[in-house]
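Examination of the molecular architecture
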Amino acid sequence: KPARPAPVGSAESHVFHRFPKVTMPRAVSGEGVYIVDDGGKRYIDASGGAAVSCLGHSHPGPIRAVQEQVERLAFAHTSFFTSDAVEELADLLVEGAPGDLDRVYLVSGGSEAVETALKLARQYCVEIGQPQRHRVISRRQSYHGNTLGALGAGGNAWRRATYEPLLAPGTHIAPCYAYRDRRDDETEFEYGQRVADELEQAILQAGPETVMCFLAETVAGATLGAVPAVEGYFRRIREICDRYGVLLILDEVMAGMGRTGTLYACEQEGVAPDLVCIAKGLGAGYQPVGAVVASRRIYDGIVSGSGFFQHGHTYSGHVTACAAAVAVQRAIREENLLENVRCQGDYLATRLTERFGNHRHVGNIRGRGLFMGLELVADRASKEPFDPSFRVAARLKAAALEHGLICYPMGGVLDGQRGDHALLAPPFIVTENQVDEIVDKLD
Ligand code: PMP
């Protein structure tokens, strides 16, 4: 072990670092909502990494569950065995699910969940005798994961660019972002209906019999920074999908599992999707785990067809990962954490508005529960974004770390739209004093 760790990006480090030009601290331990580096410096984790660590970093529940499970049985391949952890996790995820979401397909992360949802949707269409349905419609600027299939399904032109020849061409409609795109002559509700109607136009243009699914984040976090849809938008989307036999896949990899104050974010929209993708907070960082929760209709369609799923991964339904996720679900229920998400979420929103509502570089503050976004602009009055060369998101990230704050800024140029955002997604166990600390440090 080297006495002095090799710095990120130095010739001595053999890690294929993603950000080799950035100086990075070395994390060594976690205590509640804090991460501690090798110099003993404490960082308050105001973003749970990227909306992952919903129980903080040292919760005894998943720690004990992982230890016990590893000692008893770490892994059993799901093509041979089921296990208590897998069965119990599926029960817990269905217990709180809307509509007829009823069957849980377990995977290891968000991109795998999105890939799986797309492949289940496709297999369902084939099995029910509609093999011509293959088109995926999603929204511009959307991010649904980084594997080729998930990236191909997303509408983030910047992320797609390098890999474009390998990606499936998709149809991308407008995102639902009232603050930026609503016209002066329409209400928020009317705006939501108008952008939802773009889905119908896209379906008609593609040929309804060829469209497999519409894929969207319930609360857009991954690129836009915690932007909830306006009232009525998703109900309209659901109606349009039903009218044309198109499956609705909601990506709640970031927004799901309690982050917005309900276990599934779509509960607050009054819609149930055909498939919902979850990850991140599901394992809360204690284990990598994701899932697709599918409606009974999808499951039955496949079972009554060929009767087996062609899709699968070696680590699907990993016993230890599922044991961690079960412990996370239990902690959320036993400690009444969704109540804390709603209550501290309100407090965070109030404090952010007080502190930054009139800030000359904050154009918009929005979000739901402990999932909040701030839009960073060069000029508050005109909402003019920062020049990309200013790299405000990267600089905010570095400055925040310097001050012992982990927040999740993102930005740059997206489909010709410039914009920078900071995402806040603190652990569900956050206290009022810690919310104050986050707001002070962000300021
Ligand atoms: N979908 C959304 C909405 C996400 O935010 C992310 C991760 N940022 C993913 C999918 C991909 O998840 P993962 O990084 O676990 O593969």
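Just so we're clear, the structure is a prediction, and the values are computed from it rather than from any experiment.

About the cut-offs
- Residues numbered from 1 in each chain as written.
- Predicted model: local features only at pLDDT ≥ 70, side-chain atom pairs only at ≥ 80, totals over all residues.
- Helix = DSSP H or I, 4+ residues; strand = E, 2+ residues; numbered from the N terminus.
- Rg over C-alpha atoms; globule rule 2.2 N^0.38 Å.
- Contact = placed C-beta atoms within 7 Å.
- Near = placed C-beta within 6 Å.
- Nonpolar A, V, L, I, M, F, W, Y, C, P; charged D, E, K, R; others polar.
- Domains from an automatic or database assignment.
- Pairing = 2+ DSSP bridges.
- Axes fitted to C-alpha atoms, helices over the stretch in contact; angles between N-to-C directions.
- Left-handed = near helix turned anticlockwise from the far one by under 90°.
- Expected span 1.5 Å × (residues − 1).
- Parallel < 35°, antiparallel > 145°, perpendicular 65-115°, else oblique.
- Buried ≥ 20, exposed ≤ 12 C-beta atoms within 10 Å, placed from the backbone.

Helix and strand content of the protein chain: 14 helices and 18 strands. Its C-alpha atoms give the protein chain a radius of gyration of 22 Å, within 12% of the compact-globule value 22 Å for 443 residues. Its C-alpha atoms give the protein chain principal-axis dimensions of roughly 65 × 60 × 45 Å. Considering only contacts within the protein chain whose residues lie at least 6 apart along the sequence, 71% involve residues at least 24 apart.

Turning our eyes to something else, we now look at the site of the ligand. The ligand sits among 15 residues. The nearest are G109, G110, S111, A222 and V253. When residues of the shell around the ligand are assigned to their parent elements, the largest contribution, three residues, is made by helix α4 (residues 110–127). Its residues placed into classes, the shell around the ligand shows seven nonpolar, six polar and two charged.

Now for the domain arrangement of the protein chain. Partitioning the protein chain into domains gives domain 1 (27–59 + 336–442) and domain 2 (63–334). Taking only C-alpha atoms into account, the centre of domain 1 sits 25 Å from that of domain 2. The partner domain 2 presents 30 residues to the 32 residues of domain 1 that form the contact. For the side of domain 1 that touches domain 2, the secondary-structure elements that each account for two or more residues are α1 (48–51), α12 (337–356), β13 (362–368), β14 (371–379), β17 (408–414) and β18 (417–424). Per-element tally for the side of domain 1 that touches domain 2: the top contributor is α12, with five residues.

Let's shift gears to the sheet that holds strand β16 (residues 405–406). Pairing is mixed across the open sheet formed by four strands, whose spatial order is β1-β2-β3-β16. The sheet terminates laterally at β1 (27–31) and β16, the two strands that pair on one side only. Contacting β3 (42–45) and β16, helix α14 (residues 432–442) runs over the sheet at an angle of about 105° to β3.

Our focus in this paragraph is the packing of helix α3 (residues 84–95) against helix α11 (residues 319–334). One can describe the packing of α3 onto α11 by two numbers: an axis separation of 8 Å at closest approach and a directional angle of 40°. Relative to α11, the crossing made by α3 is left-handed. Along the contact surface, α3 presents A85, V86, E88, L89 and L92, while α11 presents V319, C322, A323, A325, V326 and Q329. A class-by-class count of the residues in the contact of α3 with α11 yields nine nonpolar, one polar and one charged.

Spanning 12 residues, helix α9 (residues 233–244) covers 17 Å between terminal C-alpha atoms, matching the ideal 16 Å at 1.5 Å per step. Downstream of α9 by a residue or two, G245 has a phi angle that is positive, lying close to 65°.

Across the interface, helix α8 (residues 188–206) lies against α9 with an axial gap of 8 Å and an inter-helix angle of 20°. Relative to α9, the element α8 lies roughly parallel. As for how α8 packs across α9, the hand of that crossing is right-handed. Along its contact with α8, which presents G192, Q193, V195, A196, L199, E200 and I203, the element α9 presents Y233, R236, I237, I240 and Y244. Classifying every residue of the contact of α8 with α9 gives eight nonpolar, two polar and two charged.

On to the pairing of strand β2 (residues 34–37). Both β1 and β2 contribute to a ladder of four bridges, which runs antiparallel. Bridge pairing links S29 to V36 in β2. Between β1 and the antiparallel strand that follows it, β2, lie two residues; G32 among them carries a positive phi value of about 55°. Judged from the three bridges that link them, β2 and β3 form a sheet pairing that is antiparallel. Counterpart to I35 in the pairing with β3 is Y43. Here β2 folds back onto β3, and the loop between the two strands holds four residues, one of which, G40, carries a positive phi near 85°.

A few words now on the environment of Y105. On the secondary structure map, Y105 appears in strand β4 (residues 101–107). Spatially, the C-alpha atom of Y105 lies 27 Å from that of E335, the residues being 230 residues apart in sequence. Here Y105 is in contact with T116, L120, A291, V292 and A294, once residues within four sequence places are set aside.

Pairing is mixed across the open sheet formed by seven strands, whose spatial order is β4-β12-β11-β10-β7-β5-β6. Looking along the sheet, the strands with just one partner apiece sit at the ends: β4 and β6 (171–173). In this sheet, neighbouring strand axes are inclined to one another by 20° on average, regardless of whether the strands run parallel or antiparallel. Both strand β5 (residues 135–139) and strand β7 (residues 211–217) contribute to a ladder of three bridges, which runs parallel. Within the sheet, the bridge partner assigned to V136 lies in β7 and is C213. The sheet contacts of helix α10 (residues 296–303) involve β4, β11 (275–278) and β12 (290–295), and relative to β12 the element is tilted by about 85°.

Okay, the pairing of strand β10 (residues 247–251) next. The element β10 is extensively covered by neighbouring structure, given that five of its five residues are classed as buried. Both faces of β10 are covered, namely the face carrying L247, I249 and D251 and the face carrying L248 and L250. Where β7 and β10 come together, five bridges link them in parallel fashion. Residue pairing across strands places A216 opposite L250, the latter belonging to β10. Judged from the three bridges that link them, β10 and β11 form a sheet pairing that is parallel. Paired with D251 across the two strands is C277, which belongs to β11.

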